[in-house]
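Survey of secondary and tertiary structure
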Amino acid sequence: MENLGTIINVLNGYVWSTAMLVFVVVSGVYFSIRLRFTQVRNLRDMVRNLVSNQSSESGISTFSSFWTTMAARVGVGNIAGVAVAVYMGGPGTIFWMWVTSILLAAISFAECSLGQLYKLRVDGEYRGGAYYCAEIGLGWGWFSKLFAMVTVIGMLFGMPGIQANMIGEGLNHSLGIPPLLTGVVGAILLGIIILGGIKRISSFAAVLVPIKVGIFLLLTAIVLIANYDRIPTMFSWIFSSAFNQGSVFGGMMGSAIAMGIRRSTFASGAGMGEETPAAAAAETAHPAGQGLANSFGIYMDIIICTCSGLMILVTDCFNTASGYIGSGSSQMAALAASGKNGIVFPQEAVGTLMPGLGEFVMGVVVILFAFTTILSYYYQAETGMAYLLGKASESKRKNVYLVMKIMVLLVYIYFSTTTSSVAWGAADLACGMMVWLNVLMLWFLFPKVVAILNDYEEQRKADQIPFFDPDKVGISNVDLWKEINKDKIAAAKASPKVAAARK
């Protein structure tokens with residue numbers, strides 16, 4: 001275990017180097033400028049597209065797609081991950097997460113729109129992902145296979161680990177339940193859901209994700225109200241330490257920026273390509289509409305991350321690697337001595353209001369956050385494998401999927417009992433590798449993103465409900481869209497007035 005952790009840390013040193021952080025920020029700035037900050041201008045359209053319930057036998061609704069994507073985004077990275085980031089970079093990390101999230105929303109729009117653009121119908125269901133974009137949009141067969149393999153490996157063996165580990169650690173900290181028992185029970189429940197395929201996964205996510213988000217927002221509100229007198233101090237910490245000011249957290253700006261970018265990228269999943277399979281699975285009339293709907297999730301994601309940060313800061317239930325020890329809980333000194341951080345910080349924060357019960361409540365919240373995230377990770381792994389299997393028979397694909405489902409359950413049990421450092425390292429490594437590959441591809445396909453957005457906005461300005469006609473936009477190799485919108489395309493060609501009257 002120790003050797004595995006060392007290897008993972010060495011690899012992460014390369015993957016999450018300064019070059020990675022610069023690459024993500026520069027990409028976000030450039031995409032935002034070229035798209036004229038659509039992630040800010042089109043907030044109303046984001047919500048309008050989000051509530052669409054259009055679906056079919058081949059595709060799920062935009063609403064279900066959004067919550068399936070949010071199942072991946074809103075996980076323990078939003079709670080425990082933020083706590084780890086504050087430990088490593090201080091309160092200023094929260095500020096740099098805010099800045100990064102705005103830039104990541106532009107990247108999210110780009111990858112989700114492209115996922116919709118280059119989707120295919122496989123076994124009667126829409127399938128899409130970065131690998132489809134690379135092959136169909138760029139003709140990079142070798143790159144698409146590499147990306148699909150990285151996705152399958154990362155989503156089966158890397159990303160689920162921290163979710164499973166935090167469930168085990170959270171319940172062990174609050175109730176003393178052995179992590180192995182937690183892992184076995186969790187694997188059984190997980191298996192019941194994933195055996196039902198994407199329809200069951202998306203239906204489960206559409207119900208449970210809003211519930212878990214609502215519970216967490218309520219908890220945060222209660223904690224902030226109870227500690228309202230400390231709110232000014234909390235924000236002072238955030239802004240001063242973000243720019244190396246103040247005597248308590250001064251000198252942590254570099255770590256704050258690095259951890260802010262890293263945790264925001266991990267928590268939101270933007271740039272990884274992890275959200276494109278669910279985005280591609282939706283039934284929609286225009287790729288940009290789905291891109292806007294899914295990119296709205298970045299803002300919801302950063303709200304959850306912010307809640308986690310505010311909760312531990314306002315109660316002073318956090319420590320930092322630089323030596324600061326919080327005084328909000330009697331456990332902080334012991335946690336500092338052991339070097340333990342992460343999920344225990346928000347557990348202690350809630351425990352300040354509900355001693356004994358607070359840790360349990362937060363443990364339940366972590367289960368909800370982690371469980372739905374693993375479901376989404378599995379779906380992404382299955383989509384990657386569907387691409388790699390190509391024209392294999394349907395029966396062969398289903399057999400492979402069954403093996404994958406068994407594997408993810410075993411991985412879940414394993415990571416429930418391993419150390420949190422190994423689990424975080426494995427997840428970061430999977431995330432980082434996918435970001436490098438995906439964002440690189442986005443640069444080459446970005447002109448298509450601009451063309452899609454321009455077409456969408458032209459129709460909106462004409463007071464039309466946008467639909468996508470690939471011939472009109474000049475994008476080839478996307479004939480599925482001619483089938484999806486054949487009636488609308490035919491009506492527009494037959495009578496421009498009919499097209500103008502669509503509402």
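Residues numbered from 1 in each chain as written. Predicted model: local features only at pLDDT ≥ 70, side-chain atom pairs only at ≥ 80, totals over all residues. Heavy atoms only, no water.

1. What about the overall build of the protein chain?
Just so we agree on the cut-off: Runs of H or I in DSSP of at least four residues are treated as helices and runs of E of at least two as strands, each being numbered from the N terminus. Between the two quantities, the radius of gyration covers C-alpha atoms and the globule rule is 2.2 Å times the number of residues to the power 0.38. Relative accessibility under 20% of the residue-type maximum defines a buried residue, over 50% an exposed one, and the middle range a partly exposed one, all with a 1.4 Å probe and only protein chains included.
On a plain count of helices and strands, the protein chain comes out with 24 helices and 2 strands. For 503 residues, the compact-globule formula gives about 23 Å, and the C-alpha radius of gyration of the protein chain, at 22 Å, lands near that figure. For the protein chain, the C-alpha atoms occupy an extent of roughly 75 × 50 × 40 Å along the three principal directions. In the protein chain, which comprises 503 residues, the proportion classed as buried is 61%.

2. Observations concerning the environment of leucine 429
To be explicit about the condition: In what follows, residue pairs with any heavy atoms lying within 4.5 Å of each other are defined as contacts.
Note on placement: leucine 429 falls in helix α20 (residues 420-461). In the structure, leucine 429 is positioned 340 residues away from glycine 89 in sequence and 19 Å away in space, judged by C-alpha atoms. With near-sequence residues (within four places) excluded, leucine 429 lies in contact with Leu11, Asn12, Val15 and Trp16.

3. Things to note about the environment of leucine 50
Note on placement: leucine 50 falls in helix α4 (residues 43-50). Measuring from C-alpha to C-alpha, the distance between leucine 50 and threonine 419 comes to 39 Å, with 369 residues separating the pair along the chain. If we ignore the near neighbours within four places in the chain, the residues touching leucine 50 are Thr62, Phe63, Phe66, Ala293 and Phe296.

4. Here's the deal with the pattern of salt bridges
Opposite charge on two side chains permits pairing when their charged atoms draw close. To keep it simple, the criterion reads: Any Lys or Arg side-chain nitrogen found within 4 Å of a carboxyl oxygen on Asp or Glu counts as a salt bridge.
The tally for this structure, following the rule as stated, stands at 9 salt bridges. For arginine 121, the salt bridge identified is with glutamate 483, shortest N-O distance 3.1 Å. Here glutamate 483 lies in helix α22 (residues 480-484) and arginine 121 lies in strand β1 (residues 120-122), a separation of 362 residues in the sequence. Residue arginine 121 is classed as partly exposed on the basis of its relative accessible area of 35%. On the basis of relative accessibility, which here comes to 42%, the residue glutamate 483 falls in the partly exposed class. Here aspartate 471 and lysine 482 are joined by a salt bridge, their closest N and O atoms 3.3 Å apart. On the criterion of sequence distance, the pair formed by aspartate 471 in helix α21 (residues 470-473) and lysine 482 in helix α22 is long-range, its members being 11 residues apart.

5. Concerning the confidence of the model for the protein chain
What counts is decided by this rule: Looking at any residue, its pLDDT shows the predictor's confidence there, from 0 to 100.
Summarising the model, the protein chain shows a mean pLDDT of 83, and 91% of its residues fall at 70 or more. Of all the helices and strands in the protein chain, helix α24 (residues 496-500) carries the lowest mean pLDDT, 51, while helix α7 (residues 92-117) carries the highest, 92. Confidence drops under a pLDDT of 50 for residues 498-503, and excluding neighbours within four residues, the segment shows 12 contacts in the predicted structure.

6. Some details on the packing of aromatic side chains
Cut-off, in case you're wondering: Whether two aromatic rings pair depends on their centres lying within 6.5 Å, for rings of Phe, Tyr and Trp, where Trp uses its six-membered ring; planes under 30 degrees apart make the pair stacked, over 60 edge-to-face, and the rest tilted.
Under the defined criterion, the tally for this structure stands at 26 aromatic pairs. Geometrically, the ring pair formed by phenylalanine 31 and phenylalanine 446 is stacked, given 4.3 Å between the ring centres and 10 degrees between the ring planes. Taken as a pair, phenylalanine 31 in helix α2 (residues 18-34) and phenylalanine 446 in helix α20 lie far apart in primary sequence, 415 residues in all. On the basis of relative accessibility, which here comes to 0%, the residue phenylalanine 31 falls in the buried class.

7. Looking at a nonpolar patch on the surface
For clarity, the threshold we go by: For patch building, the residue pool is restricted to those with more than 30% relative accessible area and no salt bridge; the joining distance is 9 Å between like charges and 5 Å between nonpolar side chains (Val, Leu, Ile, Met, Phe, Trp, Tyr). Accessible surface area values rest on a Shrake-Rupley calculation with a 1.4 Å probe, where residue burial reflects the displayed protein chains alone.
Taken together, the side chains of Leu180, Leu181, Val184, Val185, Ile188, Leu189 and Ile192 present a nonpolar region at the surface, about 630 Å² in accessible area. If you trace the backbone, leucine 181 turns up in helix α10 (residues 179-194).

8. Notes on the packing of α7 against helix α12 (residues 231-242)
Selection criterion: Structural elements are reduced to axes, namely lines fitted to C-alpha atoms, with helices fitted over the stretch in contact, and the angle between N-to-C directions of any two is expressed from 0 to 180 degrees. By definition in this entry, angles of less than 35 degrees are roughly parallel, angles greater than 145 are roughly antiparallel, angles of 65 to 115 are roughly perpendicular, and the rest are oblique. Charged residues are taken to be Asp, Glu, Lys and Arg, nonpolar residues to be Ala, Val, Leu, Ile, Met, Phe, Trp, Tyr, Cys and Pro, and polar residues to be all remaining types, Gly included.
For the pair α7 and α12, interaxial distance at closest approach is 6 Å and the crossing angle is 75 degrees. As the angle between them shows, α7 and α12 are arranged roughly perpendicular. Taken together, the residues of α12 that come into contact with α7 (itself represented by Gly92, Ile94, Phe95, Trp96 and Trp98) are Phe235, Trp237, Ile238, Phe239, Ser241 and Ala242. In terms of residue class, the contact of α7 with α12 is built from 9 nonpolar, 2 polar and no charged.

9. A short note on the state of the cysteines
We apply this condition: Note on terminology: pairs of cysteine sulfur atoms within 2.5 Å are recorded as disulfides.
This structure, assessed with the given rule, holds 0 disulfides. Not engaged in a disulfide, the cysteine cysteine 112 finds its nearest cysteine sulfur in cysteine 133; these two sulfurs lie 10.0 Å apart. Residue class for cysteine 112 comes out buried when judged on its relative accessible area of 0%. You can see cysteine 431 has no disulfide; the closest cysteine sulfur is in cysteine 305, sitting 12 Å from it. Residue cysteine 431 is classed as buried on the basis of its relative accessible area of 0%.

10. Topic: the packing of α7 against helix α15 (residues 287-314)
Where we set the bar: Each crossing is labelled by how the near helix is turned from the far one, with a counterclockwise turn of less than a right angle marking it left-handed and a clockwise turn marking it right-handed.
The contact between α7 and α15 brings their axes to 7 Å, and the two run at 155 degrees. Judged by the inter-axis angle, α7 sits roughly antiparallel to α15. For the crossing formed where α7 meets α15, the hand is right-handed. Each residue belonging to the contact of α7 with α15 can be placed in one class, and the counts come to 16 nonpolar, 10 polar and no charged.

11. Looking at the nonpolar core
Proteins that are soluble and globular tend to have nonpolar side chains buried together. Cut-off, in case you're wondering: For the purposes of this section, nonpolar cores are sets of buried Ala, Val, Leu, Ile, Met, Phe, Trp, Tyr and Cys residues that join through side-chain atoms within 4.5 Å.
In this structure, Leu117, Tyr118, Met159, Phe216, Leu313, Phe345 and Met362 are the most contacted members of the largest nonpolar core, which totals 154 residues. The contact partners of tyrosine 118, leaving out residues within four places of it in the chain, are Tyr132, Cys133, Ile136, Gly137, Leu445, Lys448, Ile475, Ser476 and Val478.

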